[in-house]
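# Architecture and fold: a report
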Amino acid sequence: MAAAGVTPGGAPTPAALAGRIALLISDVDGTLADPDKVVTPASVAAVRRLGEAGIGFSIVSSRPPRGLSGLIGQLGLALPLGGFNGGTIFRPDGSVVSALTVPEPAARIALETLRRFGADVWVFADNQWIATDPDGEYVPLERRTVGFEPTIVADLDPYLARAGKIVGASGDFEGLARCEAELRGVLGGSAIAARSQRYYLDINHPEADKGHAVGRIAAAAGVDPAAVAVIGDAANDVPMFRAAGLSIAMGNAIDEVKALAHLVTAGNDAEGFAQAVDRFLLPRSPKA
């Protein structure tokens, strides 16, 4: 494992050491939130320090927009933010800037494939979390994460044409990884299949990735992408790394994700987000 503050290769890259940072965009689960899905007081205080230093802040998450509403006041968010891995960009007042849905043919392929691999399938559409099994293995965790109840239906089919995101949830992590690989092949460019956690496989519109969201949020803030920092822990955060001037991986990220980031901080079980703010970002603030 790489030491905090360096790339897995052992030294900060030149790009990571250059330039001022005017905006931080963060993933939520596994990054800003601790393993219990709680945004700790230390993380809230770190966001406040960013603002005092002249650095803007926003979030992009695999959660549905409705599942991010509680963080808006807690973190004092003023810029647009992203749900569904960037598929929906919306303002803190809830008004939608842009929304992308999974193309229906891709949604049907995803549903069939996820079920074949034994995953519990959820559809997020019409501002609802739609499921068929109220006792699914990961339903309690998702309920706690998003802060609202699933809508239980007998058939997901009527919702597929309006899906902001489709999720396959499974405790068979290796099987879900194989499902991800198969879906990437059969979907081609018609949709994105990427795990947001080792137990969640997300299906999104082909342009609904976190790199897309970084561009949208940076434009709204009037910030050049080169002056944007991003922080995340999962494979679905990698498009953010590619779109920003400075990328930070959490210590709890897998090595393949760490290898694609400029810098590595501590894990989300050790206040890695707050450490990244203090060590890597405040020294690069416009006021520094």
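A short tour of the structure in this document, coming up.

## Focus: the packing of aromatic side chains
Scanning all chains against the criterion turns up nine aromatic pairs. Taking the centre distance of 5.9 Å and the plane angle of 70 degrees together, the rings of Phe 57 and Phe 273 count as edge-to-face. You can see Phe 57 sitting in strand β2 (residues 56-59) and its partner Phe 273 sitting in helix α10 (residues 272-281), a full 216 residues away along the chain. Each member of the pair, Phe 57 as well as Phe 273, is classed as buried. Aromatic pair Trp 129 and Phe 148: ring centres 6.5 Å apart, planes at 80 degrees, arrangement edge-to-face. Here Phe 148 lies in the loop between α5 (139-146) and β8 (151-152) and Trp 129 lies in strand β7 (residues 128-131), a separation of 19 residues in the sequence. Here Trp 129 matches Phe 148 in class, with each residue buried.

## Let's talk about the pattern of salt bridges
Counted by the stated rule, this structure contains 13 salt bridges. For the salt bridge of Lys 210 with Asp 27, the shortest nitrogen-to-oxygen distance reads 2.9 Å. With Lys 210 in helix α7 (residues 210-221) and Asp 27 in the loop between β1 (23-26) and α2 (41-52), the pair connects residues that are 183 residues apart, well separated along the chain. Accessibility expressed as a relative area gives 4% for Asp 27, which makes it buried.

## Topic: the sheet that holds strand β12 (residues 228-232)
Ordered in space as β2-β1-β12-β13-β14, the five strands form an open sheet in which the pairing is parallel. Looking at which strands have only one partner, the edges of the open sheet turn out to be β2 and β14 (263-264). Strands β1, β2 and β12 of the sheet are contacted by α7, whose axis makes an angle of about 150 degrees with β1.

## Some thoughts on the packing of α2 against α10
Where α2 meets α10, the axes come as close as 8 Å, and the angle between the chain directions of the two elements is 25 degrees. The angle between α2 and α10 falls in the class roughly parallel. Note that α2 runs across α10; the crossing there is left-handed. Facing Ala 42, Ser 43, Ala 46, Val 47, Arg 49 and Leu 50 of α2, the residues of α10 in contact are Phe 273, Ala 274, Val 277, Asp 278 and Leu 281. A class-by-class count of the residues in the contact of α2 with α10 yields eight nonpolar, one polar and two charged.

## Describing empty space enclosed by the protein
For the structure shown, the criterion picks out two cavities of 30 Å³ or more. A volume near 120 Å³ is recorded for the largest cavity. If you trace the largest cavity, you find 16 residues lining it, with Asp 29, Ser 62, Glu 142, Thr 145 and Tyr 200 closest to the centre. Looking at the lining of the largest cavity, the elements with two or more residues in it are α5, β9 (165-169), β10 (192-197) and β11 (200-204).

## Structural notes on the pairing of strand β13 (residues 246-249)
With burial as the criterion, each face of β13 is covered, one bearing Leu 246 and Ile 248 and the other bearing Ser 247 and Ala 249. Looking at chain direction, β12 and β13 are connected through four bridges and run parallel. Each bridged residue has a counterpart across the sheet, and for Ile 231 the counterpart in β13 is Ile 248. As for the winding sense of the linkage, the β-α-β connection from β12 through helix α8 (residues 238-243) to β13 is right-handed. As judged from the two bridges shared by β13 and β14, these two strands associate in the parallel manner. Among the inter-strand pairings, Ile 248 is bridged to a residue of β14, identified as Leu 263.

## Here we look at the nonpolar core
Grouped together as the largest cluster of nonpolar side chains are 31 residues, with contacts concentrated most on Leu 24, Phe 57, Ile 59, Leu 75, Phe 273 and Leu 281. Breaking this core down by element, the ones donating at least two residues are α2, β2, α3 (69-75), β12, β13 and α10. A per-element tally of this core places α10 first, with six residues. Residues in contact with Leu 281, not counting those within four places in the same chain, are Ile 21, Leu 24, Leu 50, Ile 55, Ala 229, Leu 246, Ile 248 and Ala 276.

Rules of the game
- Residues numbered from 1 in each chain as written.
- Predicted model: local features only at pLDDT ≥ 70, side-chain atom pairs only at ≥ 80, totals over all residues.
- Heavy atoms only, no water.
- Phe/Tyr/Trp six-rings, centres within 6.5 Å; stacked < 30°, edge-to-face > 60°.
- Helix = DSSP H or I, 4+ residues; strand = E, 2+ residues; numbered from the N terminus.
- Buried < 20%, exposed > 50% of the residue type's maximum accessible area, 1.4 Å probe, protein only.
- Salt bridge = Lys/Arg side-chain N within 4 Å of Asp/Glu carboxyl O.
- Pairing = 2+ DSSP bridges.
- Contact = heavy atoms within 4.5 Å.
- Axes fitted to C-alpha atoms, helices over the stretch in contact; angles between N-to-C directions.
- Parallel < 35°, antiparallel > 145°, perpendicular 65-115°, else oblique.
- Left-handed = near helix turned anticlockwise from the far one by under 90°.
- Nonpolar A, V, L, I, M, F, W, Y, C, P; charged D, E, K, R; others polar.
- 1 Å grid on protein atoms, 1.4 Å probe; cavity = no way out; pocket = protein on both sides within 12 Å on 5 of 7 lines; lining within 4 Å.
- Points joined across faces, edges and corners; volume = space filled by probe spheres on them.
- Right-handed = clockwise from strand over helix to strand, strands pointing away.
- Core = buried A, V, L, I, M, F, W, Y, C linked by side-chain atoms within 4.5 Å.

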